[in-house]
Amino acid sequence: MKLRGLIIVLFLKVFLGCNFVTKVPNTEYTYPNVVSIGAMKDVMWKGELEGKINLDTIKNKNGLYGLGPNAFLQGEIVIINGKNYVSKVTSDSKMSVEQTDLVDAPFFVYANINEWESIGLPKTIKTIKDIEQFIDNKTKDKKRPFAFKLKGTIENGKIHVQNLPNGTKVSSPQEAHQGQVNYNLGNETVEIIGFFSTEHQGVFTHHDSFLHMHLITKSLNKMGHLDEVSIKKMTLFLPKS
């Protein structure tokens, strides 16, 4: 009987250890220069729309830059040097842009950068794909991922602001973009905050890009995810090595 009891105890330990002890996935990823919370793919495919980070919990605001969508895909967020801006759809042609710390994001990427090096973009750099290739070529020897910014004027562009209807369930990118409103830009002076990585597609960049960029106009009355751009004259800022 003692031997039988010992066998039962050992079996239960093995069985319980193999089948009922699970690890909770860590959704925060910290790199030398960047922190990433949540993942775009979990929002798009798993419907994880709720906020996973409240921006007022990021304590170090010094040189803070970041971007992501608003919780439940109802707006866009960008942080520029410690200031949070949130855009929301008000109509098919208008949006609101508010500066506030009271905002949550289902996925978010941020970094603290206090020293930048500037590079004037050649006149041949016009599109998002041009920007991606130029940054990739210029940063082969830099730590990745990293934040960057662009300042200057654009000839035209297109940004979008997420506006998912309340209560919508999401299980695909098509469903996630319900209600999204696109805004066309003309000749504007703008600042673009972006993050570059060749290894985080589906996490904080789209599956077909190494970039994720949010644009805000100098007037601070338009801000959103950058989809298209034609650059007039811009300066690229990279973290100083």
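Residues numbered from 1 in each chain as written. Predicted model: local features only at pLDDT ≥ 70, side-chain atom pairs only at ≥ 80, totals over all residues. Heavy atoms only, no water.

Draft legend 1. Representation of the side chain of His160 in the model. Position of His160 among the secondary structure elements: in strand β11 (residues 146–161). Within the local environment of His160, its side chain forms a polar contact with the side chain of Asp227, the two groups lying 2.7 Å apart. Not counting residues up to four positions away in its chain, the partners in contact with His160 are Glu76, Gln180, Val181, Asn182, Gly224, His225 and Asp227. (Helix = DSSP H or I, 4+ residues; strand = E, 2+ residues; numbered from the N terminus. Polar contact = N/O pair within 3.5 Å; in protein donor to acceptor, adjacent residues only side chain to side chain. Contact = heavy atoms within 4.5 Å.)

Draft legend 2. Representation of helix α3 (residues 128–138) in the model. Taken as a whole, α3 has its buried residues at Ile128, Ile131, Glu132, Phe134, Ile135 and Asp136. At its buried positions, α3 is contacted by β10 (116–120), β11, β13 (188–196), β14 (211–217) and β15 (223–239). (Buried < 20%, exposed > 50% of the residue type's maximum accessible area, 1.4 Å probe, protein only.)

Draft legend 3. Region of the structure containing the environment of Asn54. By secondary structure assignment, the location of Asn54 is in strand β3 (residues 53–54). Residue Asn54 is classed as partly exposed on the basis of its relative accessible area, which comes to 25%. In this structure, the C-alpha to C-alpha distance between Asn54 and Phe108, residues 54 residues apart in sequence, is 9.8 Å. Sequence-distant contacts of Asn54, that is, excluding residues within four places in its chain, are made with Asp101, Val103 and Asp104. Of note is the side chain of Asn54, whose polar atom sits 3.0 Å from the backbone nitrogen of Asp56.

Draft legend 4. Spatial organisation of the nonpolar core. Counting 30 residues, the largest nonpolar core has Phe148, Leu150 and Leu236 as the members making the most contacts within it. The set of elements that each furnish at least two residues to this core consists of α3, β11, β12 (181–185), β13, β14 and β15. With near-sequence residues (within four places) excluded, Leu236 lies in contact with Glu117, Ser118, Ile119, Leu121, Phe134, Ile135, Phe148, Lys149 and Leu150. Of all hydrophobic cores here, the second largest spans 19 residues; its members include Val78, Val109, Ala147 and Ile216. (Core = buried A, V, L, I, M, F, W, Y, C linked by side-chain atoms within 4.5 Å.)

Draft legend 5. Representation of the pattern of salt bridges within the structure. In this structure the tally under the stated criterion is 9 salt bridges. Here Glu48 and Lys52 are joined by a salt bridge, their closest N and O atoms 2.4 Å apart. For the salt bridge of Lys140 with Asp136, the shortest nitrogen-to-oxygen distance reads 3.4 Å. Among the charged side chains, a network of salt bridges with common partners joins Asp136, Lys140 and Arg144. (Salt bridge = Lys/Arg side-chain N within 4 Å of Asp/Glu carboxyl O.)

Draft legend 6. Structural view of the environment of His207. Secondary-structure assignment places His207 in the loop between β13 and β14. Note on His207: relative accessible area 64%, which makes it exposed. Here the alpha-carbon distance between His207 and Met40, two residues 167 residues apart in the chain, equals 9.4 Å.

Draft legend 7. View of the confidence of the model for the protein chain. Looking at the protein chain as a whole, its pLDDT mean stands at 88, while 86% of the residues score no less than 70. When the criterion is pLDDT under 50, residues 5–26 qualifies, and its contacts beyond four places in sequence or with other chains add up to 2 contacts. (pLDDT = per-residue confidence, 0-100.)

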